[in-house]
Amino acid sequence: MLELPFGLALALLLVCIAFFSGIGITTIGPGGIFVTIALYSLTPLPSSQVAGTAHATFIVTGLVGSVAYLYSGEMKTGESRAIAIVLSLSSVLGALLGSQINPLVSRSLFGILLGGVAMTVGGVILYRERRGFTPIIDVDPLTREGQVALGGLGLVLGVASGLLGIGGPVLAVPALVLVGVPMLLAVAVAQVQSIFIAVFATAGYAVQGDVLLPLAVVVGTPLLLGVVVGWKVAHVVDPARLKVALGVVLLGVGPYLAL
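Let me begin by describing the structure that accompanies this report. Please read these numbers as outputs of a predicted model, since none were measured by experiment.

What counts, and where the lines are drawn
- Residues numbered from 1 in each chain as written.
- Predicted model: local features only at pLDDT ≥ 70, side-chain atom pairs only at ≥ 80, totals over all residues.
- Heavy atoms only, no water.
- Helix = DSSP H or I, 4+ residues; strand = E, 2+ residues; numbered from the N terminus.
- Rg over C-alpha atoms; globule rule 2.2 N^0.38 Å.
- Buried < 20%, exposed > 50% of the residue type's maximum accessible area, 1.4 Å probe, protein only.
- Contact = heavy atoms within 4.5 Å.
- Areas by Shrake-Rupley, 256 points an atom, 1.4 Å probe, with all protein chains shown as cover.
- Lys, Arg positive; Asp, Glu negative; His and termini not counted.
- Charge placed at Lys NZ, Arg CZ, Asp CG, Glu CD.
- Phe/Tyr/Trp six-rings, centres within 6.5 Å; stacked < 30°, edge-to-face > 60°.
- Core = buried A, V, L, I, M, F, W, Y, C linked by side-chain atoms within 4.5 Å.

**Quick word on the overall build of the protein chain**
Point 1. What the protein chain contains, in helices and strands, is 10 helices and 0 strands.
Point 2. N-terminal to C-terminal, the α/β element order of the protein chain is α-α-α-α-α-α-α-α-α-α.
Point 3. For 259 residues, the compact-globule formula gives about 18 Å, and the C-alpha radius of gyration of the protein chain, at 17 Å, lands near that figure.
Point 4. Expressed along its principal axes, the backbone C-alpha trace of the protein chain runs to roughly 50 × 35 × 35 Å.
Point 5. Expressed as a percentage of its 259 residues, the buried residues of the protein chain come to 54%.
Point 6. Put simply, of all contacts in the protein chain between residues at least 6 apart along the chain, 84% involve residues at least 24 apart.
Point 7. For the protein chain, the exposed surface amounts to about 11200 Å²; the carbon and sulfur share of it is 72%.
Point 8. One way to put it: in the protein chain the 10 positive side-chain charges average out to a point 7 Å from where the 9 negative ones average out.

As structure tokens, then:
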């Protein structure tokens, strides 16, 4: 039987949050952040165990999400594969660095950083839905210059994700849209990148003894189911309303996490 550091009622709440987080991962990208937020705000776990356990749950979801988008065709073009390869490989070093930096960050500072990311992502989502925006730059992943830019982006995303225990799509999807990648393709590519971030970040935290496998199983199972459901939703429903709701919630929980 799985031993958890808290009661059954909290475990069931985490299961529900994880399921809806999984839906958000494959519909609009940033949904996975709610797993990390829940583990931080609802449990007494230190930030290193929050991040390490969260990353362990993102390994399988990244694999399933990648297979799903490969099946539906988003990952079959040369452009999509080039973006995925460069972004993923450059994220490896960042994920390892982030996992090593985390133990140096206090739990209160971790909450401030996590809250800041939540508010930033929520603000970007709402701004894009209300006013839209044109890409800051137009990166061509088939050129050397474009690959260097994507490599730098992947490194930064890997550090942030590895440090805070948030899935790659949380930051990668908004960032990729800003450099000219279409939304659905950005979500698909971010699934591939999330595998590399999650595997190497989890390895870094596991060495420090900060991955709680029983908790990862309890949270990761409904998260995985949600990923499959979300992939189906992304292809049959316009997720505009879901994006707005997600943006509002992230803006709302951001200050709470930072306090």
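Still more ground to cover, so stick around.
**Describing the environment of G180**
Point 1. Along the chain, the position of G180 falls in the loop between α7 (168-178) and α8 (183-207).
Point 2. The partly exposed category is assigned to G180, whose relative accessible area is 31%.

**A short note on the environment of G146**
Point 1. Mapped onto the secondary structure, G146 falls in helix α6 (residues 144-164).
Point 2. Taking the relative accessible area as the measure of exposure, G146 reaches 6% and is therefore buried.
Point 3. Measuring from C-alpha to C-alpha, the distance between G146 and V86 comes to 9.8 Å, with 60 residues separating the pair along the chain.
Point 4. With sequence-adjacent residues up to four places away left out, G146 is seen in contact with V139 and D140.

**A short note on the packing of aromatic side chains**
Point 1. In this structure the tally under the stated criterion is 2 aromatic pairs.
Point 2. Seen in terms of ring centroids, F19 and F20 are 5.3 Å apart; in terms of plane orientation they differ by 75 degrees. Their pairing is edge-to-face.
Point 3. A relative accessible area of 23% places F19 in the partly exposed class.
Point 4. Arranged with centres 5.6 Å apart and planes meeting at 45 degrees, the rings of Y40 and F110 form a pair that is tilted. Taken as a pair, Y40 in helix α2 (residues 33-42) and F110 in helix α5 (residues 107-130) lie far apart in primary sequence, 70 residues in all. Residues Y40 and F110 agree in their burial class; the two are buried.

**Examining the nonpolar core**
Point 1. Residues L14, I33, V35, I166, L176, V189 and L250 are the most contacted members of the largest nonpolar core, which totals 61 residues.
Point 2. No other element matches α8, which puts 9 residues into this core.
Point 3. When near neighbours in sequence (up to four residues on either side) are disregarded, I33 contacts L114, V117, A118, I166, V170 and L250.
Point 4. Formed by 5 residues, the second largest nonpolar core is a distinct cluster that contains A51, Y205, V211 and A216.

**Overview of the side chain of S47**
Point 1. Looking at where S47 falls in the secondary structure, it is placed in helix α3 (residues 47-71).
Point 2. Excluding residues within four positions of it along the chain, S47 makes contact with N102, V105, R107 and F110.

**Brief notes about α2**
Residue pairs three or four apart in sequence face the same way in an α-helix, which turns once every 3.6 residues.
Point 1. With 8 of its 10 residues buried, α2 lies for the most part within the structure.
Point 2. Within α2 the residues assigned to the buried category are I33, F34, V35, T36, I37, A38, L39 and Y40.

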